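Topology and contacts: notes
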Amino acid sequence: MHRLLRPAFDQAPGVRMIVHEDKLGWLLADAPAPASLHVRTYSHLVVESGVSFFAVPERAAALKRRFPPSLHGAPMLLPTGNTSLRRGLDAWFAAQEIVPVVVAEIDDSAVLKIFGVEGLGAFAAPTLVDQDVTRRSGVRRFGGTEAVRESVYAITVERQITNPAVRAITQLGAGKKP
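Below, the structure is looked at part by part. Note that the coordinates shown come from a computational prediction; the quantities given were computed from them, not determined experimentally. (Residues numbered from 1 in each chain as written. Predicted model: local features only at pLDDT ≥ 70, side-chain atom pairs only at ≥ 80, totals over all residues. Heavy atoms only, no water.)

**Points about the environment of Val103**
Heads up, the rule is: A run of DSSP states H or I qualifies as a helix once it reaches four residues; a run of E qualifies as a strand once it reaches two. Both are numbered from the N-terminal end. Think of it in three bands: with a 1.4 Å probe and only protein chains considered, a residue is buried below 20% of the maximum accessible area for its type, exposed above 50%, and partly exposed in between.
Residue placement: Val103 occurs in strand S3 (residues 101-105). The exposure class assigned to Val103 is partly exposed, which follows from its relative accessible area of 42%. In the structure, Val103 is positioned 12 residues away from Phe115 in sequence and 9.9 Å away in space, judged by C-alpha atoms.

**A few points about helix H5 (residues 109-117)**
Heads up, the condition is: In protein, a polar contact requires one atom able to donate a hydrogen and another able to accept it; more generally it is a pair of N or O atoms within 3.5 Å, and residues adjacent in sequence count only if both atoms are side-chain atoms.
By the N-cap criterion, in which a side-chain oxygen at the helix start approaches the backbone nitrogen of a residue two or three places on, H5 is capped by Asp108, the distance to Ala110 being 2.8 Å. Where H5 terminates, the next one or two residues include Gly119, which has phi positive at roughly 90°.

**Observations concerning the nonpolar core**
Rules: Throughout, nonpolar core names a set of buried Ala, Val, Leu, Ile, Met, Phe, Trp, Tyr and Cys residues whose side chains join them through atoms within 4.5 Å. Pairs of residues are marked as contacts when any of their non-hydrogen atoms sit within 4.5 Å.
Core analysis: the biggest nonpolar cluster contains 19 residues, and Phe53, Leu71, Met76, Leu89, Trp92, Phe93 and Phe142 have the highest contact counts within it. When residues of this core are traced back to their parent elements, those giving at least two are strand S1 (42-55), helix H3 (57-64), strand S2 (75-78), helix H4 (84-96), strand S4 (122-126) and strand S5 (140-156). Among the elements that take part in this core, H4 stands out by supplying 4 residues, more than any other. Discounting chain neighbours no more than four positions away, the residues touching Leu71 are Phe53, Leu63, Met76, Trp92, Phe93, Ile98, Val99, Pro100 and Phe142. Residues Leu77, Leu112, Phe123 and Val129 belong to the second largest nonpolar core, which totals 10 residues.

Limitation: the analysis is restricted to geometry and does not speak to function.
Set out below in structure tokens:
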């Protein structure tokens, strides 16, 4: 997330940012805003990425050999069902006829990764952060798919973004320089 938010600090010196992590219904960060909101909002795609799978080195080596069928029966750490990532993973598993053993369902992605680092199961994360996940944790990437997409949206009440910090963040997804 720091990569996505960093442009705000570069383009708007002195900006004060408050970052919350919460359920989809409260933050709407991994999906566009629903039409049912009582306030007019605009969803600005910041970034979209495929998904990679990670595990401790021994497990990653075993799962890599026949990926993705190797995930059938493998211990998995998954985000809870209220996230678009989980819904995407569930659909992909079904299409691949894979039934992993779900060891835990965890809302907080950092906690989920810690359980993965501890060897409790394999886990998925956006391909965009592959190097960060492997460098900082000692886990190994053993596979990935572009069929499951992880998206981050900035939800605003303005169609044309005027705040320079928010504009810098949203231009990242459009591939523009802030």
